[in-house]
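Fold and contact review
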Amino acid sequence: ICACLVGSEMCIRDRYGITVETVRYWLQEYGIAMPKKHTVICKETQKSYDSPAYAARDVYPDKNVDAARVGIRHACKSNREYFGYHWHYAICDESE
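These remarks concern the structure in this document.

Thresholds applied
Residues numbered from 1 in each chain as written. Predicted model: local features only at pLDDT ≥ 70, side-chain atom pairs only at ≥ 80, totals over all residues. Heavy atoms only, no water. Helix = DSSP H or I, 4+ residues; strand = E, 2+ residues; numbered from the N terminus. Buried < 20%, exposed > 50% of the residue type's maximum accessible area, 1.4 Å probe, protein only. Areas by Shrake-Rupley, 256 points an atom, 1.4 Å probe, with all protein chains shown as cover. Expected span 1.5 Å × (residues − 1). Arc of directions from axis to C-beta. Core = buried A, V, L, I, M, F, W, Y, C linked by side-chain atoms within 4.5 Å. Contact = heavy atoms within 4.5 Å. Patch = residues over 30% accessible without salt bridge, like charges linked within 9 Å, V, L, I, M, F, W, Y side chains within 5 Å. Salt bridge = Lys/Arg side-chain N within 4 Å of Asp/Glu carboxyl O. Disulfide = S-S within 2.5 Å.

1. A look at the overall build of the chain
Helix and strand content of the chain: 4 helices and 4 strands. Listing the helices and strands of the chain from first to last along the sequence gives α-α-β-β-α-α-β-β. Scored against the burial criterion, the 96 residues of the chain give a buried share of 21%. Accessible surface, the chain as shown: approximately 7,100 Å² in total, 56% of it carbon and sulfur.

Structure below.
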């Protein structure tokens with residue numbers, strides 16, 4: 001299976017005009033599950049973000065983005081507050 005995945009990845013990568021829908025079709029055709037997407041959620045605002053970096057830019061615009069991103073990641077893992085907000089990870093299907 002690994003060799004097939006590497007070979008198909010190279011074909012997909014080298015092909016022009018490939019769409020997400022095409023990749024989803026072929027993954028489903030061969031019974032390969034779509035990857036899970038990690039979402040960062042702020043408990044106080046109930047807003048979700050695709051990554052801690054996006055959350056840092058939105059919630060802490062006056063802070064250094066890299067420092068805030070790392071702080072949010074640590075808060076998600078340790079279930080602690082980071083500068084007045086509680087953060088946690090949620091995992092959902094990429095197709096949702």
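2. Re helix α4 (residues 65-78)
In this model, α4 (14 residues) spans 20 Å end to end at C-alpha, consistent with the 20 Å of a helix rising 1.5 Å per residue. Within α4 the residues assigned to the buried category are A68, G71, I72, A75 and C76. Along α4, the residues classed as buried sweep out an arc of 135° about the axis, all on the same side. Away from the buried face of α4 by more than 90 degrees, exposed residues H74 and K77 are located.

3. A short note on the nonpolar core
The biggest cluster of nonpolar side chains holds 13 residues, and the ones touching the most others in it are Y60, I72, Y82 and W87. Secondary structure elements with two or more residues in this core: β1 (36-42), α3 (52-59) and α4. The element that contributes the greatest number of residues to this core is α4, accounting for 4 residues. Excluding residues within four positions of it along the chain, Y82 makes contact with Y60, K63, A67, A68, G71, I72, A75 and W87.

4. Quick word on a nonpolar patch on the surface
A contiguous nonpolar patch, built from Y25, W26, Y30 and I32 and spanning about 450 Å² of accessible area, is present on the exposed surface. Locating Y25 in the fold gives a position in helix α2 (residues 20-29).

5. Re the state of the cysteines
Inspection of the entire model under this criterion finds 0 disulfides. Of the cysteine sulfurs around C42, a residue in no disulfide, the closest is that of C76, at 9.7 Å.

6. Some words on the pattern of salt bridges
Per the stated rule, a full pass over the model turns up 2 salt bridges. The salt bridge involving D66 is made with R69; its shortest N-O contact spans 3.9 Å. You can see D66 and its partner R69 sitting in helix α4, 3 residues apart, about one turn around the helix.

7. Section: the environment of Y60
Note that Y60 resides in the loop between α3 and α4. The class for Y60 is buried, based on a relative accessible area of 4%. With 23 residues separating them in the primary sequence, Y60 and F83 have C-alpha atoms 8.9 Å apart. Excluding residues within four positions of it along the chain, Y60 makes contact with A55, A68, I72, Y82, F83, Y85 and W87.

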